[in-house]
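# Breakdown of the fold
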Amino acid sequence: LVQVAEGCGKTWDAEIMKPPLFEIILEPKATVKLGDTYQINTEVSVPVSEIGTINWTPSTGLSCDTCLNPIAAPLESARYVITATNKAGCEDSAPLLLIVDKRVDVYIPNIFSPNGDGENDVFMIFADAKSVVKIKTLQVYSRWGELVFELYNFEPNNPSLGWNGRHREKELNPAVFVWYAGIEFVDRSGILYEGDVTLKR
């Protein structure tokens, strides 16, 4: 109702438009293997063109901390929070717990046969190259404690960097040998593996 000084008035119907709800929708929890990346997929309830600011905290391990869908490559489990505002000034936030699975795939065989047939001729270390930085050390000993092979600071999965069953240029007889391997991962942690391997001819 609008009324003027003389007492006359007029009524108009008016509809007040409620602005659309500004909301961030994010998967609250995810798991990524150590060395892998995770594509964050964030949804918003308004067109992307209406977003004013975006901020991720912490920014550690993210490809971008001011974009909607960064790629995460964390070395430790982390709780990320995205906070965004639209151009109307409305703000919303959402958390993401990203768990880093540090179980690294490392396979070290317990038997090999260096007989030149092209199969299993080399004692070597197999590992997920995305998770393993390097093999810091590999040492192989005879049952009498003699060091018969050693190699330092090399990458896994390379047959040319394995043991061919020889010592001092001579083929060793079939036997069981003890080995130790120090492996460094992308998060700079390390594990000392040990075991034995059977050499067959």
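Everything below is about the structure printed above this text.
Residues numbered from 1 in each chain as written. Predicted model: local features only at pLDDT ≥ 70, side-chain atom pairs only at ≥ 80, totals over all residues. Heavy atoms only, no water.

## Digging into the pairing of strand S10 (residues 91-101)
For the record, the criterion: Pairing between strands is defined by DSSP: at least two bridges between the two strands are required. We count a stretch as a helix when DSSP gives it H or I for four or more residues in a row; a strand needs E for two or more, and each element gets its number in order from the N terminus.
Two elements, strand S4 (residues 29-33) and S10, share five bridges in a ladder whose sense is parallel. By the bridge assignment for S10, Lys33 is matched with Asp101. As defined by bridge partners, strand S9 (residues 78-86) adjoins S10 across eight bridges and the pair is classed as antiparallel. In the sheet register, Ala78 faces S10, and the bridge partner there is Leu98. Here S9 folds back onto S10, and the loop between the two strands holds four residues, one of which, Gly89, carries a positive phi near 95°.

## Points about unusual backbone geometry
Omega for the bond connecting Thr57 with Pro58 falls within 30 degrees of zero, at -10°, which places this linkage in the cis form. Take Pro58: it is sitting in the loop between strand S7 (51-57) and strand S8 (71-72). Its identity as a non-glycine residue notwithstanding, Glu169 has a phi of 65°, on the positive side. With respect to the helices, strands and loops of the structure, Glu169 is situated in the loop between strand S16 (166-167) and strand S17 (170-171).

## Thoughts on the pairing of strand S18 (residues 175-185)
Here strand S14 (residues 132-141) runs beside S18; their pairing, made up of eight bridges, is antiparallel. Bridged to Val140 within S18 is Trp179. Turn length for the S18-strand S19 (residues 190-199) hairpin, with the two strands adjacent in sequence and antiparallel, is four residues, and the turn residue Arg188 shows positive phi of about 75°.

## Here we look at the sheet that holds S10
Strands pair in a sheet through their backbones, by hydrogen bonds, and they do so in one of two ways: parallel or antiparallel. Here is the rule: Think of each axis as a best-fit line through the C-alpha atoms, taken over the contacting stretch in the case of a helix, with angles from 0 to 180 degrees between the N-to-C directions.
Spatially, S4-S10-S9-S7 is the arrangement adopted by the four strands of the open sheet, whose pairing is mixed. Whereas interior strands pair on both sides, the edge strands pair on one side only; in this sheet they are S4 and S7. Along the sheet, successive strands turn relative to each other by an average axial angle of 25°, direction set aside.

## Notes on the pattern of salt bridges
Defined as follows: Salt bridge, as applied in this entry: a Lys or Arg side-chain nitrogen positioned within 4 Å of an Asp or Glu carboxyl oxygen.
Applying the stated criterion across every chain yields a total of eight salt bridges. The partner of Lys130 in a salt bridge is Asp36, with the nearest N and O atoms 2.7 Å apart. Taken as a pair, Lys130 in the loop between strand S13 (126-127) and S14 and Asp36 in the loop between S4 and strand S5 (38-39) lie far apart in primary sequence, 94 residues in all. Residue Glu171 is joined to Arg201 by a salt bridge in which the shortest nitrogen-to-oxygen separation is 4.0 Å. Taken together, the residues Glu171 in strand S17 and Arg201 in the segment after S19 connect sequence positions 30 residues apart. Several salt bridges share partner residues, and in doing so they unite Glu76, Lys102 and Asp187 into one network.

## Observations regarding the packing of aromatic side chains
Two aromatic rings, taken as a pair, are described by how far apart their centres are and by the angle between their planes. Basically, it comes down to this: Pairing of aromatic rings covers Phe, Tyr and the six-membered ring of Trp, with a centre-to-centre limit of 6.5 Å; geometry is then stacked below 30 degrees between planes, edge-to-face above 60, and tilted otherwise. Each residue is placed in one exposure class: buried if its accessible area under a 1.4 Å probe, protein chains only, is under 20% of its type's maximum, exposed if it is over 50%, and partly exposed if it falls in between.
The tally for this structure, following the rule as stated, stands at seven aromatic pairs. With 5.9 Å between their ring centres and 45° between their planes, Phe112 and Phe123 make a pair best called tilted. With a gap of 11 residues between them, Phe112 in strand S12 (residues 111-112) and Phe123 in the loop between S12 and S13 connect regions that are remote in the sequence. You'll find Phe112 and Phe123 in the same group, each marked buried. Pairing Phe112 with Trp163 gives two aromatic rings, centres 5.4 Å apart and planes at 45°, and the pair type is tilted. Taken together, the residues span a long stretch of sequence, with Phe112 in strand S12 and Trp163 in the loop between strand S15 (147-154) and S16 at a distance of 51 residues. By relative accessible area, Phe112 is classed as buried at 0%. By relative accessible area, which is 0% here, Trp163 ends up buried. In textbook terms, an aromatic cluster arises when at least three aromatic residues are bridged by ring pairs, as seen for Phe112, Phe123, Phe149, Trp163, Phe177 and Trp179.

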